[in-house]
Amino acid sequence: MKILIIGGLGQLGGALEAALRDYDLTSMDLPEIDITDQQSVDSEMERLRPQLVLHCAAYTDVDGCARKPDIAYRVNALGSLHVAQACKQYNAIMVHLSTNEVFSGDDPAGYEEWRSLSPQNAYGRSKAAGEIFVRRTLERVFIVRTAWLYAAGGKNFIHSILNKARQGHELSVVVDEIGNPTYVA
């Protein structure tokens, strides 16, 4: 099976590349492929002809998405649409990585996957739009919602807290959020 990882330089893309190294695998990221450019996606899909696309590319900086919601939408929503359209054109199965941020986060019992989307921030709205585009475009798609990803050496919440603690800095974190850090491996 020919597999393409889009977003291979990220924490999850790197872990997937390591886990799938025995397959016919290509891993790409900027600048080789730009998901905000349909022609860039189509060109690589035509060249590679993967049977499975693991779409991990995203703008995940929640604060950055709040400051630049247009970029968040272009990457997370339109970029995902471009990948889905190329998967449809080349008959590839798509695994679309999303986030728990597509829900409001106010239900202490958590969320089943079929619940209505109700994002509360620009990042969540951009990822929810991406999910909608992907679902409307493809029949053969798997949406995987992750949260608080971390990897050895990656830029993430876990390492930020550890680095501040090691440097003797006072720790200041929100107390009204419940999260489930997810190890990418």
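Scroll up for the structure.
A. Representation of the overall build of the chain. Of regular secondary structure, the chain possesses six helices and seven strands. Order of helices (α) and strands (β) in the chain, N terminus to C terminus: β-α-β-α-β-α-α-β-α-β-β-α-β. In summary, the chain has a C-alpha radius of gyration of 17 Å against a globular reference of 16 Å for 185 residues, a match within 12%. Here the chain holds 185 residues, and the buried ones make up 39% of them. For the chain, long-range pairs separated by at least 24 residues make up 63% of all intrachain contacts whose partners lie at least 6 apart in sequence.

B. Local environment of the packing of aromatic side chains. Across all of its chains, the model carries three aromatic pairs by this definition. Ring geometry for tyrosine 73 and phenylalanine 133: centres 6.4 Å apart, planes at 75 degrees, overall edge-to-face. Linking tyrosine 73 in helix H4 (residues 69-89) with phenylalanine 133 in helix H5 (residues 122-137), this pair joins segments that are 60 residues apart in sequence. The partly exposed category is assigned to tyrosine 73, whose relative accessible area is 35%.

C. Examining the nonpolar core more closely. Ranked by size, the top nonpolar core spans 21 residues in total, and within it Ile6, Met45, Val53, Val83, Cys87 and Met94 carry the most contacts. Put simply, the parts of the chain that give this core at least two residues each are strand S1 (2-6), helix H2 (38-48) and H4. If you tally residues by element for this core, the top one is H4, at five residues. With residues near it in sequence (within four places) discarded, isoleucine 6 still touches Met28, Ile33, Ile35, Val53, Leu54, His55, Cys56, Ala57 and Val83. Core analysis: the next-biggest nonpolar cluster, separate from the first, contains 12 residues, Ile5, Ala15, Leu54 and Leu97 among them.

About the cut-offs
Residues numbered from 1 in each chain as written. Predicted model: local features only at pLDDT ≥ 70, side-chain atom pairs only at ≥ 80, totals over all residues. Heavy atoms only, no water. Helix = DSSP H or I, 4+ residues; strand = E, 2+ residues; numbered from the N terminus. Rg over C-alpha atoms; globule rule 2.2 N^0.38 Å. Buried < 20%, exposed > 50% of the residue type's maximum accessible area, 1.4 Å probe, protein only. Contact = heavy atoms within 4.5 Å. Phe/Tyr/Trp six-rings, centres within 6.5 Å; stacked < 30°, edge-to-face > 60°. Core = buried A, V, L, I, M, F, W, Y, C linked by side-chain atoms within 4.5 Å.

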